[in-house]
Amino acid sequence: MIPRERRLRALGLLLVILTALLTAFGVPVTSAQGTTLRVVRSEGTLPTDDPWSSAWNAIRPVDVTLSGQAVAPPRLLLPNVPTVRARAMIDGERFAVLLEWTDTTIDEDVIDVSRFADQAAVQFALGSGTSVCMGQQAGALNIWHWKADWAADLAARKDIEQRFPNAPQDEHLPPDLAEGAGLGPDGFLTGRAAGNPRSALVRPSSVEDLVAAGFGTLTSEPLERQDVAGASAYRDGIWRVVMSRRLDNADPNDAPLAVGSAIVVAFAVWDGAKGDRNGTKSVSAWLSLVIPGREMSLLDHWPFLAMMLVVLALGAWLLWIGSRQPAVGLGGPPS
Amino acid sequence: MADVRNWQLGRTMSYPYPESHPDRQFAFVFNINRCIACQTCSMACKSTWTFSKGQELMWWNNVETKPYGGYPRHWDVKVLELLDEANSTAGVEPSWQPTTAADREAPYGSYDGMTIFEAAAAETPPVRQAVGYQPAPDEWSAPNIFEDVPHPGRPAPGSLGLEQDGAQLPEHVAWFFYLQRLCNHCTYPACLAACPRKAIYKRPEDGIVLIDQARCRGYRKCVEACPYKKSMYRPTTRVSEKCVACYPRIEGRDPLSDGMPMETRCMSACPGKIRLQGLVALDADGSWADDPQNPIVFMVRHEKVALPLYPQFGTEPNGFYIPPRWAPRDYLVQMFGPGVDEALARYRAPSRELLAVLQLFRATQKIIFRFEIEEGPKVFETEIDGKPWSMYDDTVIGFDQQGREAVRVRVEEPIYQRPAPRVNSI
């Protein structure tokens, strides 16, 4: 019969080897490893348009704990969305991140004054001097902001008729007067005339590409530099949102997404049904987003494997030495 | 939070931003006693600014009937209730403490209740800049509903507000008055305080409060925070809008105004002549410059005949009202503060100067920066509250920004008699 302490030693060794192997294959073993989001290289087409694609399901998500936003008013002390699950993929050209969270309702109506839309965002640090709270002057943020109302608008922009079908259809401006003033029959649409993207008739994406360098500085990038695509779908109480962009695009206000690099990111989710908007949001701490240099094979891990072999050899040697020594201390007598 | 001076409360109060005051402040005086609720002001505003799609429920100017009316529905009752809750949670019994009459910067005494800003700061933990609420769509949709029913509350469906049992005389103790409302372009705007985008600003030249239509992201924090509910969300553009105080007219850019500042559309359209609007010069510390020849300053600070609307909210509104003579005093005190008795006493038996200045209402579209009075003969004598009172046919002259005469009116309206041959001809 194998002695008890030997059995324990062998079990310990087995656990070390198992942990090493799991880590080598990118499977998180402890919760602390959830602070790294490792980007997976896509085998086929990057599923940027299909949040529920099997390619996404094949990736193990990183569970990211969210907290309230208690720094600047309006504050939210307890998160309305406690967790978001994140996955990320690249192919040769694009980077895509998938956020998934539980939400009992779809909220995409912002026509009604008392309703707010579900939203999600990813922020990327631009430089090292930034702050997780909307950035600061020493270091800005690039923010990708998906909005359920913008997503719902993509097929056809929602207007009062859809939300309030019985609302009176006034003639706002007689056609001759409207034409003379360069206006449509809807009259003056002030926000649209001011170039506000919220008021735009057509938007290129459900995701807004923004820059921020402190509270109240959130600024939408010009239309020609809005280059983040979005796709979203709600299924069985779960929102899934994919946001994607070309890898390096040479825009200094955009996240530098280069193969073989790492960048610091954070996530935020808003639950429209709970009145979330602006600072009333559930936010994460910083995570490290690691983009692999090229397709990884087992041999790519050679330094790690070599180290593991050395450790194993050392362990075996120590076990061998130990078995030849008389027992001391707390060890039992040799049988 | 910074400490700022609020003269209407007679004390300093907390506000998210430190004091910074414009050179002049847009301000107005409304004489509630004269209003006939014809809504010409509301339509003048609507046909100028809010006739487009998405603005159907938007009345930057509205006239509601108190006590049951309110646009949005029951706005003031709801805000007063929020403040009541905050005060009672904090164990505060709000009251106005008298101050010495010599304290020019505390004309109504000193208010020790919590403002909407202080009530928000007292919440544990504090999460917002001002207490408030967001009215639902139906609360905006019928601006004059429930105003002509004999009892408060929602009438039974199909009853058209008629009582099943009929009214029982002689217990008909109903009273009402019209309240004309627009943005008060507050000295300490709650909309501005609550906007996390800093999309709302107060113009340094005239104190007009505006929402930057390019910056607004439709968070509706201003809609929630404004106690007067004069920030409004527009579903077509998905951003909020508010009264712009007809700023092109204030800037003298209306072709009619000869380059001179001109009163807003809602003011100049008033057939009841209840409205007078002006620009009040401010000292560097934000207090009103002592300019008794400015008709607004004269009525508000010297005669104290016009009072701020709900000063206890703490935003230091710049709209002032001559209260109605016939409504219950406790209701009026709740609405206009403790200056009501004095204001009504002065309105019932106006001084010679006040009677002359009251004639300036709607005498010209140009903003009157200064008035002068030329004395005329005594034309009438009577007793008011047991005291002798005389009326003089004085002439009041209003001057525009450049000191040019803009208008000249006599206290006694001139009478023109048709010559006999044309007595009945039209």
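The structure presented is a predicted model; accordingly, all values stated were derived computationally and were not measured.

Broken down by element type, chain B carries 12 helices and 19 strands. Whereas a compact globule of 426 residues would reach a radius of gyration of roughly 22 Å, chain B reaches 22 Å, a difference of no more than 12%. When burial is assessed residue by residue, chain B has 58% of its 426 residues classed as buried. In chain B, 65% of the contacts between residues at least 6 apart in sequence involve partners at least 24 apart. Of the side chains in chain B, 48 bear a positive and 53 a negative charge, and the two mean positions are spaced by 7 Å.

Below, the discussion takes up the overall build of chain A. For chain A, the count of helices and strands is seven helices and 14 strands. The C-alpha atoms of chain A give 27 Å as radius of gyration, which overshoots the globular expectation for 335 residues (20 Å, by more than 25%). Counting only C-alpha atoms, chain A reaches 105 × 40 × 40 Å along its principal axes. Once local pairs closer than 6 in sequence are excluded, the contacts in chain A between residues at least 24 apart make up 65%. If you sum the accessible surface of chain A, you get close to 17,500 Å²; carbon and sulfur atoms cover 61% of it. Charge-centre separation for chain A: the mean point of 29 positive side chains lies 14 Å from the mean point of 36 negative side chains.

A few words now on the domain arrangement of chain B. All names here are of chain B. Taken domain by domain, chain B comprises domain 1 (2–154 + 174–344) and domain 2 (351–410). Taking only C-alpha atoms, the centre of domain 1 and the centre of domain 2 are 27 Å apart. Counting residues at the interface gives 33 residues for domain 1 and 21 residues for domain 2. Both sides of the domain 1 and domain 2 interface together cover about 2,300 Å² of buried area, and 64% of this is carbon and sulfur. Together, Met260, Pro261 and Gln293 form the three largest contributors to the area buried by domain 1 at its contact with domain 2, with a combined 25%. The interface formed by domain 1 and domain 2 contains two salt bridges. For the salt bridge of aspartate 258 with arginine 404, the shortest nitrogen-to-oxygen distance reads 3.6 Å. Counting the contacts that link domain 1 with domain 2 gives eight residue pairs in polar contact (both at pLDDT 80 or more). Counting only elements with at least two residues in the side of domain 1 that touches domain 2, the list comes to β3 (24–31), α7 (247–250), α8 (265–268), β12 (275–281) and α9 (295–302). The greatest single-element share of the side of domain 1 that touches domain 2, amounting to five residues, is contributed by β12. Tallied by class, residues from the side of domain 1 that touches domain 2 come to 17 nonpolar, seven polar and nine charged.

Residues and elements named next belong to chain B. The strand order across the open sheet formed by four strands is β12-β3-β14-β13, and the pairing between neighbours is mixed. On the outer flanks of this sheet lie β12 and β13 (307–308), each paired with one strand and no other. Across seven bridges, β3 lies against β12 in antiparallel orientation. Residue pairing for β12: phenylalanine 28 is matched across the bridge by glutamine 277.

All names here are of chain B. With 15 residues, helix α2 (residues 75–89) should cover 21 Å at 1.5 Å per step; its first-to-last C-alpha distance of 21 Å lies within 8% of that length. Taken as a whole, α2 has its buried residues at Trp75, Asp76, Val79, Leu80, Leu83, Ala86 and Asn87. On an axial view of α2, the arc spanned by its buried residues comes to 120 degrees, and they lie on one face. In α2, those exposed residues whose orientation departs by more than 90 degrees from the buried face are Asp84, Ser88 and Thr89. Along its buried surface, α2 packs onto β4 (62–66), β6 (110–111), α3 (116–121), β7 (177–181) and α10 (329–336). Just downstream of α2, glycine 91 is the residue with a positive phi angle, here 70 degrees.

Residues and elements named next belong to chain A. The buried count for strand β12 (residues 261–270) comes to seven of 10 residues, which makes it a mostly enclosed element. Both strand β6 (residues 119–125) and β12 contribute to a ladder of six bridges, which runs antiparallel. Pairing of alanine 121 across the sheet is with alanine 268, part of β12. In this structure, β12 lies alongside strand β13 (residues 282–283), joined through two bridges in antiparallel fashion. If you follow alanine 268 over to β13, its bridge partner there is valine 283.

On to the pattern of salt bridges, then. Residue and element names in this part refer to chain B. Within this structure, the stated rule accounts for 45 salt bridges over all chains. In this structure, lysine 66 engages glutamate 64 in a salt bridge whose closest nitrogen and oxygen atoms are separated by 3.0 Å. Pair check on accessibility: lysine 66 and glutamate 64 agree, each one buried.

A few words on unusual backbone geometry. A:Pro73 connects to A:Pro74 through a cis peptide bond whose omega is 0 degrees. For A:Pro74, the location among the structural elements is in the loop between β3 (62–65) and β4 (83–90). Cis geometry marks the peptide bond from B:Lys66 to B:Pro67, where omega comes out at 15 degrees. On the secondary structure map, B:Pro67 appears in the loop between β4 and α2. Here A:Asn278, not a glycine, exhibits a phi torsion of approximately 55 degrees, which is positive. One can find A:Asn278 in the loop between β12 and β13. Positive phi outside glycine occurs at B:Arg362, with the angle close to 60 degrees. Topologically, B:Arg362 is positioned in the loop between α12 (352–358) and β15 (370–374). Here B:Arg362 falls in the buried class, since its relative accessible area comes to 11%.

About the criteria used
The numbers attached to residues start from 1 for each chain and follow its sequence in the written order. A letter from A marks each chain and a number from 1 marks each ligand, given out in the order of writing. Selection of residues for local features in this predicted model requires a pLDDT of at least 70, selection of side-chain atom pairs for listing and counting requires 80 or more, and totals for whole chains, interfaces and linings are taken over all residues. By convention in this description, side-chain values take in all heavy atoms of the structure and omit both hydrogens and water. To qualify as a helix, a DSSP run of H or I must reach at least 4 residues; to qualify as a strand, a run of E must reach at least 2; elements of each kind are numbered from the N terminus. Each radius of gyration is computed over the set of C-alpha atoms, and the globule rule expresses the reference value as 2.2 Å times the number of residues to the power 0.38. The buried label goes to any residue with under 20% of its type's maximum accessible area, the exposed label to any with over 50%, and the partly exposed label to all in between, with areas taken from a 1.4 Å probe on protein chains only. In this analysis, two residues are considered to be in contact whenever any of their non-hydrogen atoms come within 4.5 Å of each other. Charge assignment: positive for Lys and Arg, negative for Asp and Glu; neither His nor the chain ends contribute. Every charge is mapped to an atom, namely NZ of Lys, CZ of Arg, CG of Asp or CD of Glu. Residue-level accessible areas treat just the shown protein chains as cover; the underlying method is Shrake-Rupley with a 1.4 Å probe. Here the limits of each domain have been adopted from an automatic or database domain assignment. Two parts lose some accessible area (1.4 Å probe) when they are put together, and adding that loss for both gives the buried area. What makes a salt bridge here is a side-chain nitrogen of Lys or Arg within 4 Å of a carboxyl oxygen of Asp or Glu, nothing more. Here a polar contact is taken to be a pair of N or O atoms separated by no more than 3.5 Å, where protein atoms must pair a possible hydrogen donor with a possible acceptor and residues adjacent in sequence count only if both atoms sit in side chains. Each residue receives one of three labels: charged for Asp, Glu, Lys and Arg, nonpolar for Ala, Val, Leu, Ile, Met, Phe, Trp, Tyr, Cys and Pro, and polar for the others, Gly being one of them. In this description, strands pair whenever DSSP reports at least two bridges between them. Here the expected length of a helix is defined as 1.5 Å per residue gap, with one fewer gap than residues. The arc refers to the directions leading from the helix axis to the C-beta atoms.

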